[in-house]
Amino acid sequence: SQQGEEDPQALSIQEGENATMNCSYKTSINNLQWYRQNSGRGLVHLILIRSNEREKHSGRLRVTLDTSKKSSSLLITASRAADTASYFCATEETSGSRLTFGEGTQLTVNP
Amino acid sequence: DAGVTQSPTHLIKTRGQQVTLRCSPKSGHDTVSWYQQALGQGPQFIFQYYEEEERQRGNFPDRFSGHQFPNYSSELNVNALLLGDSALYLCASSLGAGTVTDTQYFGPGTRLTVL
């Protein structure tokens, strides 16, 4: 069963704009991870944020985590056409355990 | 440094047949997890192998089985294929199941079509 729910399901923006995707989950977690998937291919790991962290940055990516609300957000700044992909959040409940994915957000960046 | 590799890339089978998918983990990793991703959905966890044993299992029937070899590579077997088994099968590797929080690195997947 899916734990996370991503919002929105689809997002279309212009190049240079920022994109924000949200993820909610149901159980206590050890960490939350964001992945990108291009056209039904393999998943590319973007960033991992642990349950005791509130914010993390990696290049143009900014992830926040609010464990009291069981939610996370992924911000992509200054988006590029190459950022067009599906983005998934995944939670890990205990260390080294399975990942539970949401349904994903389809991001389209128009040139 | 080789990443996670999977074979074959694509596979077409008919209902009732059996299929074997293969995965080689990223160099230095000892844990392999398998996921099924239906079209338009997020991946669903099938099972995880560590030290050649199945350590965790998702909500999948016994038709789905696996194996891990001493070199940490893994196979996913699906018997008595159903149309609903058509999906992208993803393999992920990591280090130290149950002991260390680590990123799971995914392979490119095997696209299985059941006719």
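Preceding this paragraph is the structure being described.
Heads up: these notes are all about the structure in this document. Note that the structure is a prediction, hence the values are computed from the model and not measured.

Things to note about the nonpolar core
General note: in soluble globular proteins, nonpolar side chains tend to be found buried as a group.
Here is step 1: If you look at the biggest cluster of nonpolar residues, it comprises 22 residues, and the most contacted ones within it are Leu32, Trp34, Leu74, Ile76, Tyr87 and Leu107 of chain A.
Here is step 2: Every element with two or more residues in this core is listed here: β2 (10-14), β3 (19-24), β4 (31-37), β5 (43-50), β7 (61-66), β8 (71-76), β9 (85-92) and β11 (105-110) of chain A.
Here is step 3: Ignoring any residue separated from it by four or fewer positions in sequence, one finds leucine 74 of chain A in contact with Ala19, Thr20, Met21, Trp34, Leu46, Leu61, Arg62, Val63 and Tyr87 of chain A.
Here is step 4: Listed in part, the 20 residues of the second largest apolar core include Leu21, Phe60, Val78 and Tyr89 of chain B.

A short note on unusual backbone geometry
Here is step 1: Put simply, aspartate 7 of chain A and proline 8 of chain A share a cis peptide bond, and its omega is 0 degrees.
Here is step 2: Residues serine 7 of chain B and proline 8 of chain B are joined by a peptide bond in cis, for which omega reads -10 degrees.
Here is step 3: With respect to the helices, strands and loops of the structure, proline 8 of chain B is situated in the loop between β1 (5-7) and β2 (10-13).
Here is step 4: Within the chain, glutamate 52 of chain B stands out as a residue other than glycine whose phi angle is a positive 65 degrees.
Here is step 5: Take glutamate 52 of chain B: it is sitting in the loop between β5 (44-50) and β6 (53-57).
Here is step 6: With a phi angle near 80 degrees, tyrosine 72 of chain B is a residue other than glycine that sits in the positive phi range.
Here is step 7: Note on placement: tyrosine 72 of chain B falls in the loop between β7 (64-68) and β8 (74-78).

Quick word on the interface of chain A and chain B
Here is step 1: Listed as interface residues are 24 residues of chain A and, on the opposing side, 26 residues of chain B.
Here is step 2: Taken together, the links from chain A to chain B amount to 0 salt bridges.
Here is step 3: Summed over the shared surface of chain A and chain B, the result is 6 residue pairs in polar contact (both at pLDDT 80 or more).
Here is step 4: Its residues placed into classes, the side of chain A that touches chain B shows 6 nonpolar, 13 polar and 5 charged.

Some points on the pairing of strand β9 (residues 87-94) of chain B
All names here are of chain B.
Here is step 1: The buried count for β9 comes to 8 of 8 residues, which makes it a mostly enclosed element.
Here is step 2: By the bridge criterion, 7 bridges tie strand β4 (residues 31-37) to β9 in an arrangement that is antiparallel. For threonine 31, the partnering residue across the bridge sits in β9 and is serine 94.
Here is step 3: The pairing of β9 with strand β11 (residues 110-114) spans 3 bridges and is classified as antiparallel. Looking across to β11, one finds that leucine 88 is bridged to arginine 111.
Here is step 4: Sheet analysis places β9 next to strand β10 (residues 105-106), joined by 2 bridges and oriented antiparallel. In the strand pairing of β10, serine 93 is matched with tyrosine 105.

Examining the sheet that holds β8 of chain B
All names here are of chain B.
Here is step 1: Taken in spatial order, the 4 strands make up an open sheet running β1-β3-β8-β7, and their pairing is antiparallel. Because the sheet does not close on itself, it has two edges, and the strands there are β1 and β7. Sheet twist, expressed as the average angle between the axes of neighbouring strands with direction ignored, equals 20 degrees.
Here is step 2: Sheet topology note: the β7/β8 ladder contains 5 bridges and is antiparallel. Looking at β8, one finds that histidine 67 is bridged to glutamate 75.

Analysis parameters
Residues numbered from 1 in each chain as written. Chains lettered and ligands numbered in written order. Predicted model: local features only at pLDDT ≥ 70, side-chain atom pairs only at ≥ 80, totals over all residues. Heavy atoms only, no water. Core = buried A, V, L, I, M, F, W, Y, C linked by side-chain atoms within 4.5 Å. Buried < 20%, exposed > 50% of the residue type's maximum accessible area, 1.4 Å probe, protein only. Helix = DSSP H or I, 4+ residues; strand = E, 2+ residues; numbered from the N terminus. Contact = heavy atoms within 4.5 Å. Salt bridge = Lys/Arg side-chain N within 4 Å of Asp/Glu carboxyl O. Polar contact = N/O pair within 3.5 Å; in protein donor to acceptor, adjacent residues only side chain to side chain. Nonpolar A, V, L, I, M, F, W, Y, C, P; charged D, E, K, R; others polar. Pairing = 2+ DSSP bridges. Axes fitted to C-alpha atoms, helices over the stretch in contact; angles between N-to-C directions.

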